[in-house]
Amino acid sequence: MSALLLALLLQATPAPTATPAAETTPTPAAESASPAPEHPAAEAEGHAAGAATPASPEAHAPEAGGHAAAEGAEHAESPADIIFHHVMDGPMFGGAVKSKHLLYLFLVALLVIAIAQLSVRSYRGGHVPKGLGAAVESLVLFIRDEVAEPNIGHGEGGKWTPLLCSFFFFILMAALIGLLPFSATTTGNISVTLGLAAISFAAQQWAGISKYGLAGHFHNLVPPGMPVLLLPIMIPVEILGMFTKPFALTIRLFANMLAGHMVITTLLLLISLMGQLHWLAGAAMTPISIVLAVFIMLLELLVAFIQAYIFTLLTAIFIGMYAHPAH
Amino acid sequence: MDPKGLAYLGAGIGAGLAIIGGGAGIGRLAAAALEGIARQPNAVADIRGAMIVAAGLIEGATFFALIVTILLAIK
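How each quantity is defined
Every chain begins its residue count from 1, and numbering advances along the sequence as written. Just so you know, chain letters begin at A and ligand numbers begin at 1, following the order they were written in. Local features are withheld for residues below a pLDDT of 70 in this predicted model, meaning they are given only at 70 or higher, and side-chain atom pairs are given and counted only at 80 or more; totals for whole chains, interfaces and linings count all residues. Think of it this way: any DSSP run of H or I at least four residues long counts as a helix, any run of E at least two long counts as a strand, and we number them from the N terminus. Exposure classification rests on a simple neighbour count of other C-beta atoms within 10 Å of a residue's own: a residue reaching 20 or more is buried, one at 12 or fewer is exposed, and one in between is partly exposed. C-beta atoms are placed from the backbone. Any pair of residues counts as being in contact when their C-beta atoms, constructed from backbone geometry, are within 7 Å of one another. One less than the number of residues in a helix, times 1.5 Å, gives the span that helix is expected to have. Here the bend at a residue means the angle between the axes of two seven-residue stretches, the one that ends at it and the one that starts at it. Three classes are used: nonpolar for Ala, Val, Leu, Ile, Met, Phe, Trp, Tyr, Cys and Pro, charged for Asp, Glu, Lys and Arg, and polar for all others, with Gly counted as polar. The quantity called pLDDT is the predictor's confidence in a given residue, expressed from 0 to 100. Joined through C-beta atoms within 7 Å, a set of buried Ala, Val, Leu, Ile, Met, Phe, Trp, Tyr and Cys residues constitutes a nonpolar core. Summarising the geometry, the arc corresponds to the directions from the helix axis toward the C-beta atoms. Axis definition: a line fitted to C-alpha atoms, over the contacting stretch in the case of helices. Angles run 0 to 180 degrees between N-to-C directions. The scheme is simple: roughly parallel for angles under 35 degrees, roughly antiparallel for over 145, roughly perpendicular for 65 to 115, oblique for anything else. Left-handed describes a crossing whose near helix is turned anticlockwise from the far helix through less than a right angle; right-handed describes the clockwise counterpart.

Here the focus is the overall build of chain A. Counting its secondary structure elements, chain A contains nine helices and zero strands. Tracing chain A from N to C terminus, the helices and strands come up as α-α-α-α-α-α-α-α-α. Among the 327 residues that make up chain A, the fraction classed as buried is 39%. Residue pairs at least 24 apart in sequence account for 76% of intrachain contacts in chain A once pairs closer than 6 positions are excluded.

Okay, here's the thing in structure tokens:
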């Protein structure tokens, strides 16, 4: 993915420089032990000029399309810095775009809308849908019949299916787009997942309030037939539960997306770290790291589907809990 | 005892403990799922679906702990 560029970054850095990227979390302190400061004199001169030379062992990397050259201008200091620079939010195109994740949020949303429009097109004229329409239809039917109907039940699954489909397709597309080179995973930003969970929270509350009214919704929180003595415990627990559910959704999605990309970046970082010791070690590390990184990327594909499904499923379950309590 | 050193130590130990819990939980889940499939092979699809969902939830809990360790390591 970025083996070549990581090698260039690490080896072309003599002095510590604060990362100019505006990040959502502060840049970690650069004093952590890293191989880069241990070889300042020997490597700095040689590599500042001929940065292409140590890149030849890493030239095996086919995915070394890497990140944009605009990001090569920033000098990351330690491995932790590099990892966080790649997985955290930051500007793109040299500052023209303030936030990668925000840009990709809108891109993925447009992509989902485009896919939906394109698949509806194959339904025109009453034809049996083919191609993209059939694929999307099978997923939508899966969500309606396996996720919405069983969990919300009582014939209301169809009403909530559009929302659940939006969640599912958005999370799936965001994860898949994030696997491409030069891109960022928008759901790897906790603000984005928090927004999704906020919508899920609003949907859950709406499900209860629209059916039972505001007071009725809170009345439904405690199961019927509960001894009065337990109420002081049950009410705070249920209210707290109302908020921990979306919080869990947020953290689960965010951590899954973040962890996957961190692992990939770390594995590829190992190439240049080994290359710091000796170019032969770097060359030997390259095929191992690349195989592992490809494997982890395949795992990420699976995780993308699973996390999208789990977010959608849990939202459906929670909506069902509030729309049809005590069933 | 440098607080930064303690933080890194805590992060490392925390990551190890987190994976112990997560790995043990998912291992038990996998064992139960495989036993269920062995008992009734025609229920494979249902069991597989339930297993994936449960694995995702357990992973979510593991990742909570992981986020805490990462925060320790970078701040």
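When helices and strands are tallied, chain B shows two helices and zero strands. Reported as C-alpha extents along the three principal axes, the dimensions of chain B are approximately 60 × 15 × 10 Å. Going through the 75 residues of chain B one by one, you find that 8% of them count as buried. At a minimum sequence separation of 6, the contacts of chain B that also span at least 24 residues come to 79%.

A few words on helix α8 (residues 231-277) of chain A. With 47 residues, α8(A) ought to run about 69 Å at 1.5 Å a step, and its terminal C-alpha atoms sit 65 Å apart, in line with that. The largest bend in α8(A) is about 25 degrees, located at A:M242, with the proline A:P246 one to four residues further on.

With that settled, the discussion passes to the interface of chain A and chain B. Facing the 13 residues of chain A at the interface are ten residues of chain B. A breakdown of the residues in the side of chain A that touches chain B according to their chemical character gives ten nonpolar, two polar and one charged.

Turning our attention to the confidence of the model for chain A. Looking at chain A as a whole, the pLDDT averages 74, with 75% of positions reaching at least 70. Per-residue pLDDT stays below 50 along residues 1-76 of chain A; that stretch engages in 124 contacts with residues further than four places along the chain or on separate chains.

Turning to the confidence of the model for chain B, a few remarks are in order. Looking at chain B as a whole, the pLDDT averages 88, with 100% of positions reaching at least 70. Interface confidence in the predicted complex, given as ipTM, is 0.78; pTM for the same model is 0.72.

By size, the foremost hydrophobic cluster in this structure holds 65 residues, and its most contacted members are A:L164, A:F168, A:I171, A:L172, A:F311, A:A316 and A:I319. Mapped onto this core, the elements with two or more residues apiece are α3 (79-87), α4 (100-121), α5 (132-152), α6 (157-178), α7 (190-219), α8 and α9 (279-323) of chain A together with α2 (44-74) of chain B. Setting aside its immediate chain neighbours within four residues, A:A316 contacts A:V147, A:A148, A:N151, A:I152, A:W160 and A:L164.

The next thing to look at is α4(A). All names here are of chain A. For α4, spanning 22 residues, the distance from its first C-alpha to its last is 31 Å, which sits close to the expected 32 Å at 1.5 Å a residue. For α4, the set of buried residues is K100, H101, Y104, L105 and V108. Angularly, the buried residues of α4 cover 135 degrees about the axis, an arc narrow enough to put them on a single face. For α4, the exposed residues lying more than 90 degrees away from the buried face are F106, L110, A114, Q117 and R121. The elements touched by buried residues of α4 are α6 and α7.

For the rest of this paragraph, the subject is the environment of A:V97. Residue and element names in this part refer to chain A. Note that V97 resides in the loop between α3 and α4. The class of V97 is partly exposed, set by 13 C-beta atoms lying within 10 Å. Sequence separation of V97 and S122 is 25 residues, and the distance between their C-alpha atoms is 36 Å. V97 has contacts with P91, M92 and L103, leaving out every residue within four places of it along the chain.

Now for the packing of α4(A) against α5(A). Residues and elements named next belong to chain A. In contact at an axis separation of 8 Å, α4 and α5 are set at 110 degrees when each is read in the N-to-C sense. In terms of orientation, α4 lies roughly perpendicular with respect to α5. Handedness of the crossing formed by α4 with α5: left-handed. Across the interface between the two elements, I115, L118 and S119 from α4 touch L132, G133 and V136 from α5. Residues of the contact of α4 with α5, tallied by class, amount to four nonpolar, two polar and no charged.

Right, let's get into the packing of α5(A) against α9(A). Residue and element names in this part refer to chain A. The N-to-C vectors of α5 and α9 enclose an angle of 30 degrees; their axes lie 7 Å apart at closest approach. With respect to each other, α5 and α9 are oriented roughly parallel. Crossing handedness for the pair α5 and α9: right-handed. Between α5 and α9, the residues in contact are I143, V147, A148, N151 and I152 and T312, L313, A316, I317, I319, G320 and A323, respectively. Split into classes, the residues belonging to the contact of α5 with α9 amount to nine nonpolar, three polar and no charged.

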